Amino acid sequence: MGATGVVENKENQQTEESLNLFTSTQIVIKDALTKLGYSDEMFELLKEPLRMLTVRIPVRMDDGSVKIFTGYRSQHNDAVGPTKGGVRFHPEVNEDEVKALSMWMSLKCGIVDLPYGGGKGGIICDPRTMSMGELERLSRGYVRAISQIVGPTKDIPAPDVYTNSQIMAWMMDEYSRLREYDSPGFITGKPLVLGGSQGREKATAQGVTICIEEAAKRKGVQIEGARVVIQGFGNAGSFLAKFMYDAGAKVIGISDALGGLYDPNGLDIDYLLDRRDSFGMVTSLFENTITNAELLEIDCDILVPAAVSNQITAQNARNIKATIVVEAANGPTTLDATKILSERGILLVPDVLASAGGVTVSYFEWVQNNQGYYWSEEEVIQKLRKVLVQAFENVYNTATNRQVNMRLAAYMEGARKMSEASRFRGWV
Ligand code: GLU
């Protein structure tokens, strides 16, 4: 044990950033369990995933060569039910990141009260440099490699960074071939014609929007005319920009991996969406860009980090001018920065709550697949709203009543169900 009471990862060679994500998750889980009155044994159970599979996937590339890719699937805790969570394709995927992400999925599922535990997968690759054929072979190879531990009642994958409905379709097809029956419930985020759900593509942004509305009510901020800054123009960031723009907010800043655009009078979001490529890149078309670091410090009412982790740190947290920060990305704010924002009276809606809209509609997709009866988009959005408004209220009330910041409150809400389920099963 280290000074923090958390296991040290001395032997492992991961990047500092990912160690940070994993160890900081353990720190908050420990705090949450202590506040909830659970024993150290519960922490011992929940501080690491129950299962972590590493696979090597040979893929025939278009030039005839064979490349071996490394992939992971982590299953954090399955006391509540099957594990659930996305698969990301990214050059910086690593074991600790996948582990941390699977723990966050457990927390998300707990917060929105789904009958799931958390899982996550990833493959070290750069899909931006791969052809469709190579991506298809990689996706199918990954499913063959992890097929023993996944399935509609075991562990249900979904999209995440740089994976989409086409990749889900290939994965579903491969799994169905292996099992020799059609298995739409194996994976969510599928195209509509293969059993996808209405509203799934926009679900994360829809969930973030609901959290923004709830936070704005608590802070007396009017959405109409509010100045909004969004870091990241991928699936969550771009749909969110559109929702905010359509609701009459002024989206004054957006960014992608290369830089940001800023206009104090509001950006033309429809114009930018038209020009965005499939990886969410748009700023390269403009000359007057700002950096991502500058973007975060713009004077605004609502700031939404919707890109990568570790963006708001102890270095810049005092320069954040927003009244409300809503984390659409996973892990954009460090623990030190969380403390600073909370001391400064900024309302921070943590990732495990704000980004739970995606997995909530994934759950709806799985339910629809299991029953073979499909809902309209209005029904899906209405059900999503009900779930997220309740989840926000639970976290906000816990933060207020227990005098803790919103992140710790969210972890307390998230850890409660899996702890209870583990206890009833007699595991702890
Ligand atoms: N990858 C998304 C997340 O991190 C969605 C997971 C899912 O739909 O299962 O929440």
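Residues numbered from 1 in each chain as written. Predicted model: local features only at pLDDT ≥ 70, side-chain atom pairs only at ≥ 80, totals over all residues. Heavy atoms only, no water.

Draft legend 1. Spotlight on the overall build of the chain. The helix and strand tally for the chain stands at 14 helices and 12 strands. Taken over the C-alpha trace, the chain has a radius of gyration of 21 Å; the compact-globule value for 428 residues is 22 Å, and the two agree within 12%. Burial status across the chain gives 57% buried among its 428 residues. Here the analysis covers contacts within the chain between residues at least 6 apart in sequence; of these, 68% occur between residues at least 24 apart. Total accessible area on the chain is roughly 17600 Å²; 47% of this is exposed by carbon and sulfur atoms. Distance between charge centres in the chain, computed from 45 positive and 53 negative side chains, equals 4 Å. (Helix = DSSP H or I, 4+ residues; strand = E, 2+ residues; numbered from the N terminus. Rg over C-alpha atoms; globule rule 2.2 N^0.38 Å. Buried < 20%, exposed > 50% of the residue type's maximum accessible area, 1.4 Å probe, protein only. Contact = heavy atoms within 4.5 Å. Areas by Shrake-Rupley, 256 points an atom, 1.4 Å probe, with all protein chains shown as cover. Lys, Arg positive; Asp, Glu negative; His and termini not counted. Charge placed at Lys NZ, Arg CZ, Asp CG, Glu CD.)

Draft legend 2. View of the nonpolar core. Ile-212, Ile-254, Ile-302, Val-304, Val-326 and Leu-353 are the most contacted members of the largest nonpolar core, which totals 83 residues. In this structure, Ile-302 is in contact with Ile-212, Val-221, Ile-223, Ala-226, Arg-227, Val-228, Val-229, Ala-322 and Ile-324, ignoring residues within four places of it in sequence. Counting 25 residues, the second-largest nonpolar core is a separate cluster that includes Met-130, Ile-149, Trp-170 and Met-171. (Core = buried A, V, L, I, M, F, W, Y, C linked by side-chain atoms within 4.5 Å.)

Draft legend 3. Helix 6 (residues 203-219), seen in detail. Relative to the 24 Å expected for 17 residues at 1.5 Å per residue, helix 6 spans 24 Å between its end C-alpha atoms, a close match to the ideal helical length. Counting buried positions along helix 6 gives 13 out of 17 residues, so the element sits mostly inside the fold. Immediately beyond the C-terminal end of helix 6, within one or two residues, lies Gly-220, with a positive phi of roughly 65°. (Expected span 1.5 Å × (residues − 1).)

Draft legend 4. A look at the pairing of strand 8 (residues 250-256). In terms of residue burial, strand 8 counts as a mostly covered element, since six of its seven residues are buried. Chirality of the crossover, the property in question, places the unit of strand 7 (residues 227-231), helix 7 (residues 235-246) and strand 8 among those that are right-handed. Strand direction decides the pairing type here: strand 8 and strand 9 (residues 259-262), joined by four bridges, are antiparallel. Its bridge partner being in strand 9, Asp-256 is matched across the sheet by Gly-259. The hairpin turn running from strand 8 into strand 9, its antiparallel successor, is two residues long. (Right-handed = clockwise from strand over helix to strand, strands pointing away. Pairing = 2+ DSSP bridges.)

Draft legend 5. Region of the structure containing the site of the ligand. Near the ligand there are 13 residues, and of these Lys-84, Lys-108, Pro-159, Asp-160 and Ser-362 occur at the shortest range. A distance of 2.8 Å separates a nitrogen atom of the ligand from a polar backbone atom of Pro-159. For the ligand, whose unbound accessible area comes to 290 Å², protein coverage reaches 94%. Those elements giving two or more residues to the shell around the ligand turn out to be helix 3 (95-111) and helix 12 (357-371). Here the residues of the shell around the ligand are counted per class, giving four nonpolar, four polar and five charged. (Near = heavy atom within 4 Å. Polar contact = N/O pair within 3.5 Å; in protein donor to acceptor, adjacent residues only side chain to side chain. Nonpolar A, V, L, I, M, F, W, Y, C, P; charged D, E, K, R; others polar.)

Draft legend 6. Local environment of helix 7. Its 12 residues give helix 7 an end-to-end C-alpha distance of 17 Å, which sits within 8% of 16 Å, the value for a rise of 1.5 Å per residue. All buried positions along helix 7 are accounted for by Ala-236, Gly-237, Ser-238, Phe-239, Leu-240, Ala-241, Phe-243 and Met-244. In this structure, the buried residues of helix 7 make contact with helix 6, strand 7, strand 8, helix 8 (269-275) and strand 10 (302-305). Phi turns positive one or two residues past the end of helix 7, at Gly-248, with a value near 90°.

Draft legend 7. Summary view of the pattern of salt bridges. Applying the stated criterion across every chain yields a total of 30 salt bridges. A salt bridge links Asp-160 to Arg-88; its shortest N-O distance comes to 2.7 Å. Remark: Arg-88 occurs in strand 4 (residues 87-90) and Asp-160 occurs in the loop between strand 6 (155-156) and helix 5 (165-179); sequence separation between them is 72 residues. Each member of the pair, Asp-160 as well as Arg-88, carries the same accessibility label: buried. The closest approach of N and O atoms between Asp-173 and Arg-140, which form a salt bridge, is 2.9 Å. In this pair, Asp-173 sits in helix 5 while Arg-140 sits in helix 4 (residues 132-146), placing the two residues 33 residues apart along the sequence. Because the salt bridges share partners, they merge into one network encompassing Glu-136, Arg-140, Arg-144, Asp-173, Glu-174 and Arg-177. (Salt bridge = Lys/Arg side-chain N within 4 Å of Asp/Glu carboxyl O.)

Draft legend 8. Structural context of the environment of Phe-186. Inspection of the secondary structure puts Phe-186 in the loop between helix 5 and helix 6. Taking the C-alpha atoms as reference points, Phe-186 and Pro-152, separated by 34 residues in sequence, lie 4.3 Å from one another. In this structure, Phe-186 is in contact with Val-143, Val-150, Gly-151, Pro-152, Asp-155, Ile-156, Pro-157, Met-171, Met-172 and Tyr-175, ignoring residues within four places of it in sequence.

Draft legend 9. View of the side chain of Ser-176. Secondary-structure assignment places Ser-176 in helix 5. Classification of Ser-176 as buried rests on a relative accessible area of 9%. If near-sequence neighbours (up to four positions away) are discounted, Ser-176 is found in contact with Tyr-181, Asp-182 and Ser-183.

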